[in-house]
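Per-entry structural report
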Amino acid sequence: LIVNGGFEGGASPWTLSGNAYWSNGAYPHSGTGYTVLGFYNYASGSEFQIVSIPASAPANLTFWLNVTTSESGSVVYDRLFVEVRNTSGSLLATLGTFSNVNATTLGNYTQRSFSMASWRGQTVRMQFRATTDFSLPTSFRIDDVSLR
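Here goes a summary of the coordinates provided. (Residues numbered from 1 in each chain as written. Predicted model: local features only at pLDDT ≥ 70, side-chain atom pairs only at ≥ 80, totals over all residues. Heavy atoms only, no water.)

1. Concerning empty space enclosed by the protein
Summed over all chains, the structure comprises one cavity of 30 Å³ or more. Looking at the largest cavity, its volume works out to about 30 Å³. Among the elements of the structure, β5 (60-69) and β8 (110-115) are those that each provide at least two residues to the lining of the largest cavity. Take the lining of the largest cavity: its biggest share by element is three residues, from β5. Here the residues of the lining of the largest cavity sort into two nonpolar, five polar and one charged. (1 Å grid on protein atoms, 1.4 Å probe; cavity = no way out; pocket = protein on both sides within 12 Å on 5 of 7 lines; lining within 4 Å. Points joined across faces, edges and corners; volume = space filled by probe spheres on them. Helix = DSSP H or I, 4+ residues; strand = E, 2+ residues; numbered from the N terminus. Nonpolar A, V, L, I, M, F, W, Y, C, P; charged D, E, K, R; others polar.)

2. Details of the environment of isoleucine 50
Residue placement: isoleucine 50 occurs in strand β4 (residues 44-52). Separated by 76 residues in the primary sequence, isoleucine 50 and methionine 126 have C-alpha atoms spaced 6.2 Å apart. Excluding its chain neighbours within four sequence positions, the residues that come into contact with isoleucine 50 are Thr87, Thr123, Val124 and Arg125. (Contact = heavy atoms within 4.5 Å.)

Right, dumping it as structure tokens:
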């Protein structure tokens, strides 16, 4: 149901705003494209795609996430939110939250999975949104997004 979940050849039809960037750099999960949120101090960015979920779909969202950070320790400073919003942009639910504490090594992706079954039969906005604080930024790399 997600179009171009691998971000190959660009981010379209995803809508990126603020500190959300398409990249064909050295660290994709697969292929050549991926997106990065955060990356800078005081970052605030999002990327979303509007999807229509059939009533009969399992509605299982999966994606691959690589978190790298300049932070240390177990205090959360920088966050990535996995959100479901209505088509006007109002928040319906936060499926998950990740942070600098989830950091691994560069290019070391982990698959994440969430159910969107509550929105079967609806058209919603599937969104990733990240914020970072004033120092020691965190990068959230996202690739191979799928909703089936």
